[in-house]
Amino acid sequence: MKRLLFILVAILTIITANATKRALFIAVGNYPAKSGWVKINSRNDVDLLVPVFRNAGFKVTILLDGQATHSGISNALKALASQCQKGDQVFIHFSCHGQQMVDVVGDESDGLTETMVPYDAKREPSKTYHGQNHFTDDQLNRHLNEIRKKLGKKGQLMVTLDACHSGDGTRGEEDDELNDSIMGQQRGVSDIFCPNPPYNKRVVYRGHTLNNPKGKGYSSMIALSACQPDQVSHEFKDRRTGKSYGPLSYLIWLELKGNKTINFKQLADGIIKNKNYAMKRYQQPYLIVE
């Protein structure tokens, strides 16, 4: 019996030792001039966070600007899923613009889909652009479920989205043309992307669509966004360095700097607790725990 117990402990030790920490950072700040998107400081987020995760033993992959097209992001998430093993710890971070668009699938109760804005996505529709390069929450959800399936019940996944998810339906006073040194650069816009304008449907905010995966054997997941779907997110300026960062990225750094180990639940709890350090008072993080 003791021998069997020893063997089981040895097997569990080997499995734990073989677990890998993986991190994927997707950051777009220097959008093409003709895209309609203003530049943001996403590169600063990567420079801030990557050393922290490498220090904690994570294998890091980075998609920056032109690498983070719609297909580039999709391929990177597929590659990550193919690399994942049971019990791995995976962190995925987006730093980019965010925009809501009219739901064309028909699965959103408020008629709106939250999207990340890749390098090749345009702000407004045209005869040739109908939102095909916007990275929707439905698309992200499918990739996340594939990763969770590969990680298994003992795996861990955390996804952080440092972008706006606002949707007033009109271009209001808090649009990105009016950003200033006091408020900070805005990471998204108020206008809803609509392939066939005008968009006249009444907006009822509901939140992200991150569906529970079917069946058993999926990893846990924590998803944390910089703000609610009807809110905008302004960058935080660190007075000590003079550099601006995404507020969520900066809070992640504050919670983790100097740590050799990263606990996802403690990280999320710390960000929610200390959000006022880097986020505007009106801005509320959006948390999903599964």
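Residues numbered from 1 in each chain as written. Predicted model: local features only at pLDDT ≥ 70, side-chain atom pairs only at ≥ 80, totals over all residues. Heavy atoms only, no water.

A. Layout of the overall build of the protein chain. For the protein chain, the helix and strand inventory stands at six helices and 11 strands. The proportion of buried residues among the 290 residues of the protein chain is 54%. For the protein chain, contacts bridging at least 24 residues in sequence account for 76% of all contacts bridging at least 6. Approximately 14300 Å² of the protein chain is accessible, and the part contributed by carbon and sulfur atoms is 53%. (Helix = DSSP H or I, 4+ residues; strand = E, 2+ residues; numbered from the N terminus. Buried < 20%, exposed > 50% of the residue type's maximum accessible area, 1.4 Å probe, protein only. Contact = heavy atoms within 4.5 Å. Areas by Shrake-Rupley, 256 points an atom, 1.4 Å probe, with all protein chains shown as cover.)

B. Representation of a nonpolar patch on the surface within the structure. Judged by side-chain polarity, Ile272, Leu287 and Val289 come together as a nonpolar surface patch covering roughly 250 Å² of accessible area. One can find Val289 in strand E11 (residues 286-289). (Patch = residues over 30% accessible without salt bridge, like charges linked within 9 Å, V, L, I, M, F, W, Y side chains within 5 Å. Salt bridge = Lys/Arg side-chain N within 4 Å of Asp/Glu carboxyl O.)

C. Up close: the packing of aromatic side chains. Evaluation of the coordinates by the stated rule reveals 11 aromatic pairs. Summarising the aromatic geometry, the rings of Phe53 and Phe58 are spaced 5.2 Å apart at their centres and angled 80° between planes, so their arrangement reads as edge-to-face. Judged by its relative accessible area of 0%, Phe53 is buried. With 6.4 Å between their ring centres and 0° between their planes, Tyr250 and Tyr277 make a pair best called stacked. (Phe/Tyr/Trp six-rings, centres within 6.5 Å; stacked < 30°, edge-to-face > 60°.)

D. Representation of the pattern of salt bridges in the model. As enumerated under the stated definition, the model contains five salt bridges in all. The partner of Glu290 in a salt bridge is Arg148, and the shortest N-O contact between them spans 2.7 Å. One end of the pair, Glu290, is in the segment after E11; the other, Arg148, is in helix H4 (residues 137-151), with 142 residues separating them in the sequence. Among the ionic pairs, Asp238 bridges to Arg240, the shortest N-O distance being 3.2 Å.

E. Spatial organisation of the side chain of Glu235. Note on placement: Glu235 falls in the loop between strand E8 (220-225) and strand E9 (236-237). The class for Glu235 is buried, based on a relative accessible area of 4%.

F. Broad picture of the nonpolar core. Judged by nonpolar contacts, the single largest core of 33 residues is most densely connected at Phe25, Phe53, Phe58, Phe91, Met158 and Ile252. Counting only elements with at least two residues in this core, the list comes to strand E1 (21-27), helix H2 (42-55), strand E2 (59-64), E8, helix H5 (247-256) and helix H6 (264-273). Judged by nonpolar contacts, the second largest core, of 31 residues, contains Leu63, Ala68, Ala81 and Cys84. (Core = buried A, V, L, I, M, F, W, Y, C linked by side-chain atoms within 4.5 Å.)

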